[in-house]
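# Observations on chain architecture
Take a look at the letters that make up each chain.
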Amino acid sequence: MKKRSFSAAVRKYLKPALAVASAVFFAASVLCALYFALFPSRGYLHSDCTDSILWADAAVRDGSMLSSNYNYSAILPFGGQQIFALFVRLFGVTMKAQVLSMAVFTVLFAAAAVFFLTSCDISVPRSLFAAGTLMLVLSSSVKLREI
């Protein structure tokens, strides 16, 4: 019977352990970002945070993806206002619609970051770790959370 070396045994268990650790780190980072989107964001709402919900409201009232009655600063037919439109239809222009839309955007943004990193031939554990780090950095200050 052949004896395994210590380093081979460590490598056998280290790779799956790092994969699990990076997945847990990513999940915790997304939960942290979701916490800020769902709870403290209510205290930091100002005009820079409301453009997407107002665009969504104008589009819902007009019955189209882009409202002819609203002067957009840019044509963003696939922007965040499409996420907001669903919640504006359900709850109107309310804080609930704002917060839920931002929570959905947070999850989609995190998923897009992982997709982008894995499409760059970065391993899944490293992609999860990098995307988790991105989510934490973007949650680190009031201004970064607003952007």
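Look up: the structure comes first, before these words.
This section reports on the structure supplied with the text. (Residues numbered from 1 in each chain as written. Predicted model: local features only at pLDDT ≥ 70, side-chain atom pairs only at ≥ 80, totals over all residues. Heavy atoms only, no water.)

## Digging into helix α5 (residues 124–138)
When the terminal C-alpha atoms of α5 are compared, their 21 Å separation across 15 residues agrees well with the 21 Å that a helix rising 1.5 Å per residue should span. If you check which residues of α5 are buried, you get Ser127, Leu128, Ala131, Gly132 and Met135. Viewed end-on, α5 has its buried residues packed into an arc of 130 degrees, placing them on one side of the element. (Helix = DSSP H or I, 4+ residues; strand = E, 2+ residues; numbered from the N terminus. Expected span 1.5 Å × (residues − 1). Buried < 20%, exposed > 50% of the residue type's maximum accessible area, 1.4 Å probe, protein only. Arc of directions from axis to C-beta.)

## Observations regarding unusual backbone geometry
A negative phi angle is the norm for most residues apart from glycine, just as the trans form is the norm for most peptide bonds. With phi around 60 degrees, Asp121 is a residue other than glycine that occupies positive phi space. Counting through the fold element by element, Asp121 comes out in the loop between α4 (95–119) and α5. Overall, the relative accessible area of 76% leaves Asp121 in the exposed class.

## Regarding the packing of aromatic side chains
Under the defined criterion, the tally for this structure stands at 5 aromatic pairs. Residues Tyr35 and Phe39 carry aromatic rings whose centres are separated by 5.6 Å and whose planes lie at 45 degrees to one another, so their mutual orientation is tilted. Within the aromatic cluster, the residues linked to one another by ring pairs are Tyr35, Phe36 and Phe39. (Phe/Tyr/Trp six-rings, centres within 6.5 Å; stacked < 30°, edge-to-face > 60°.)

## Some remarks on the nonpolar core
Side chains that are nonpolar tend, in soluble globular proteins, to be buried together. Counting 12 residues, the largest nonpolar core is built from Phe26, Val30, Ala33, Leu34, Ala103, Ala110, Ala113, Val114, Leu117, Leu128, Ala131 and Met135. The element contributing the most residues to this core is α4, with 5 residues. Apart from the residues within four sequence positions on either side, Ala103 is in contact with Leu34, Ala37 and Leu38. Of all hydrophobic cores here, the second largest spans 7 residues; its members include Ile53, Ala56, Phe87 and Val88. (Core = buried A, V, L, I, M, F, W, Y, C linked by side-chain atoms within 4.5 Å. Contact = heavy atoms within 4.5 Å.)

## A look at the packing of helix α3 (residues 81–91) against α4
Packing of α3 against α4 leaves a shortest axis separation of 9 Å and a crossing angle of 150 degrees. Taken together, the axes of α3 and α4 are roughly antiparallel relative to one another. Crossing of α3 over α4 shows right-handed handedness. In this structure, α3 contributes Ile83, Phe84, Phe87, Val88 and Phe91 to the contact, and α4 contributes Lys96, Ala97, Gln98, Leu100, Ser101, Met102, Val104, Phe105 and Leu108. Here the contact of α3 with α4 is built from residues that sort into 11 nonpolar, 2 polar and 1 charged. (Axes fitted to C-alpha atoms, helices over the stretch in contact; angles between N-to-C directions. Parallel < 35°, antiparallel > 145°, perpendicular 65-115°, else oblique. Left-handed = near helix turned anticlockwise from the far one by under 90°. Nonpolar A, V, L, I, M, F, W, Y, C, P; charged D, E, K, R; others polar.)

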